[in-house]
Amino acid sequence: MASFTPLQIDNTQPEGENPIGDFSVEFLGEQVASNSASHRDLGFTGQLQGKWYAVYGDTLWCAPGVTHPANDKEGFHGMVRDSLSVLTDDALVVHDLHLNDDQPVPHQNQFVPFNELWGETNMVGFGGTSLVETDSKTGTGAVYYLVNDAECYKGAGIAKVELVNGVPTVTKRFGDSGWWWDGNSVPHYGDIAAYRDVHSDYIYILGNPPNSESGFISRSYVYQARVKATEAFNLEQYSYWWGRKQGWKPEPLTEFTPETAVMWGVGQGQIVYNRYLKTYIYVHLDIGGNTVHLRTAPSPEGPWSADKAIFTATPIDNGLVYAGLAYPHLDETGRTLTIGFTNNNHIQIIKVTFA
């Protein structure tokens with residue numbers, strides 16, 4: 001007789017109804033800086049003391065003297081692996097921070113610094129997600145990142161961000177080698193998304209499985225951890241999601257299965273709470289695709305509904321389209337949600353109006 005095994009629990013399957021009904025979308029254009037010029041990706045948003053910022057990934061400087069990316073000259077003109085800008089009331093315009101002394105047009109310095117004592121160089125990437133506030137009184141926050149050394153993901157880490165002369169600045173990276181969670185054995189927490197919950201004291205960090213997991217299916221699961229914001233810089237205070245049956249546990253996750261995962265097949269994105277729809281929304285794009293999706297949940301930990309396709313972008317020069325962004329501060333009622341995404345190192349912006 002053939003032997004049978006019970007069907008494996010899959011907690012990544014859609015659950016609940018997505019409340020997003022009719023909607024309209026307006027394409028607003030491409031985001032640029034008011035005081036510098038570069039090509040960049042990502043741009044995850046977060047706030048400190050009510051002021052909103054964007055954390056970008058690879059930031060390629062335009063040629064000397066170029067004031068707008070559309071007028072850039074061919075060739076490589078320098079870059080940093082991540083950068084920071086302050087947002088404005090117009091999602092199409094940001095104000096770049098941490099500028100260098102280049103003349104006549106300055107360019108951005110790196111936001112999360114590399115450390116040569118840890119074997120890092122200016123070629124090491126830091127895939128940072130949203131700034132999350134840890135202390136509103138002092139304007140202190142954190143940024144989570146994945147240390148990427150030539151596609152070798154060494155580990156996921158956290159850095160303290162403090163206001164220095166009013167500008168968010170990384171003042172400390174934690175861990176003996178600049179990261180806490182070993183990329184070979186622990187999920188890459190914070191690389192998919194980081195969210196400071198508006199209805200609790202918690203920060204939620206999401207990431208793909210460790211390097212030890214192989215194959216597209218296994219590599220596409222997303223796992224989560226959380227910590228109280230005031231304890232974000234204390235590794236022992238983190239809790240790890242072991243699935244709906246076991247819930248949150250202080251022991252780091254060691255079972256990477258559909259049961260302990262919270263999503264599958266999503267790219268980097270942002271979680272926001274929408275007052276109009278009274279739900280949490282995860283803004284993301286499908287892996288390898290170019291469509292913006294919104295899925296919803298009653299809590300930041302899920303369970304998450306099916307996706308609602310919102311907008312399909314046309315890839316620029318057959319490039320990649322990825323990384324869903326959100327600008328919830330532009331309409332706190334939630335009736336509209338301004339969204340961004342990377343289209344071949346162009347940050348494109350759309351505005352969704354919910355019926």
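The notes below deal with the structure included here. (Residues numbered from 1 in each chain as written. Predicted model: local features only at pLDDT ≥ 70, side-chain atom pairs only at ≥ 80, totals over all residues. Heavy atoms only, no water.)

## Describing the overall build of the protein
Rules: Only DSSP runs of H or I reaching four residues or more are called helices, and only runs of E reaching two or more are called strands; each is numbered from the N terminus. Each residue gets one of three labels from its accessible area relative to the maximum for its type: buried under 20%, exposed over 50%, partly exposed in between, using a 1.4 Å probe on protein chains only. Under the convention used here, a 1.4 Å probe and the Shrake-Rupley method define accessible areas, while residue burial counts only the protein chains that appear. We treat Lys and Arg as the positive residues and Asp and Glu as the negative residues; His and chain ends play no part in the count. Note that the charge is assigned to NZ on lysines, CZ on arginines, CG on aspartates and CD on glutamates.
Within the protein, the secondary structure is distributed over one helix and 26 strands. In terms of principal-axis extent, the alpha carbons of the protein reach across some 75 × 50 × 45 Å. Burial analysis of the protein (355 residues in total) assigns 54% to the buried set. When the accessible area of the protein is evaluated, it comes to approximately 15,700 Å², of which 50% is carbon and sulfur surface. Across the protein, the 22 positively charged side chains and the 40 negatively charged ones have centroids separated by 6 Å.

## Some points on the sheet that holds strand 24 (residues 321–326)
Let me state the cut-off plainly: For two strands to be treated as a pair, DSSP must find at least two bridges joining them. Note on method: axes are straight lines fitted to C-alpha atoms, helices fitted across the in-contact stretch only, with angles between N-to-C directions ranging 0 to 180 degrees.
The sheet built from four strands is open, its strands ordered 1-26-25-24 with antiparallel pairing. Across the chains shown, the open sheet's two edge strands, defined by having one partner strand only, are strand 1 (23–30) and strand 24. Across the sheet, the mean angle from the axis of one strand to that of its neighbour is 25°, orientation sign disregarded. Direction of pairing for strand 1 relative to strand 26 (residues 347–354): antiparallel, over a ladder of seven bridges.

## Let's talk about the nonpolar core
Heads up, the condition is: The set of buried Ala, Val, Leu, Ile, Met, Phe, Trp, Tyr and Cys residues whose side-chain atoms join them within 4.5 Å is what this entry labels a nonpolar core. Contacts are assigned to residue pairs with any non-hydrogen atoms lying within 4.5 Å of each other.
If you look at the biggest cluster of nonpolar residues, it comprises 26 residues, and the most contacted ones within it are Tyr144, Ile158, Trp181, Tyr189, Ile203, Ile205 and Tyr238. Elements with a minimum of two residues in this core: strand 10 (140–149), strand 11 (152–164), strand 15 (202–207) and strand 16 (221–228). Ranked by residue count, the leading element in this core is strand 16, at four residues. Those residues in contact with Ile203 that sit more than four places away from it in its chain are Val132, Glu133, Thr134, Tyr144, Tyr195, Arg196, Ala225, Arg226, Val227, Ala229 and Ala232. Judged by nonpolar contacts, the second largest core, of 19 residues, contains Ile310, Val321, Ile339 and Phe354.

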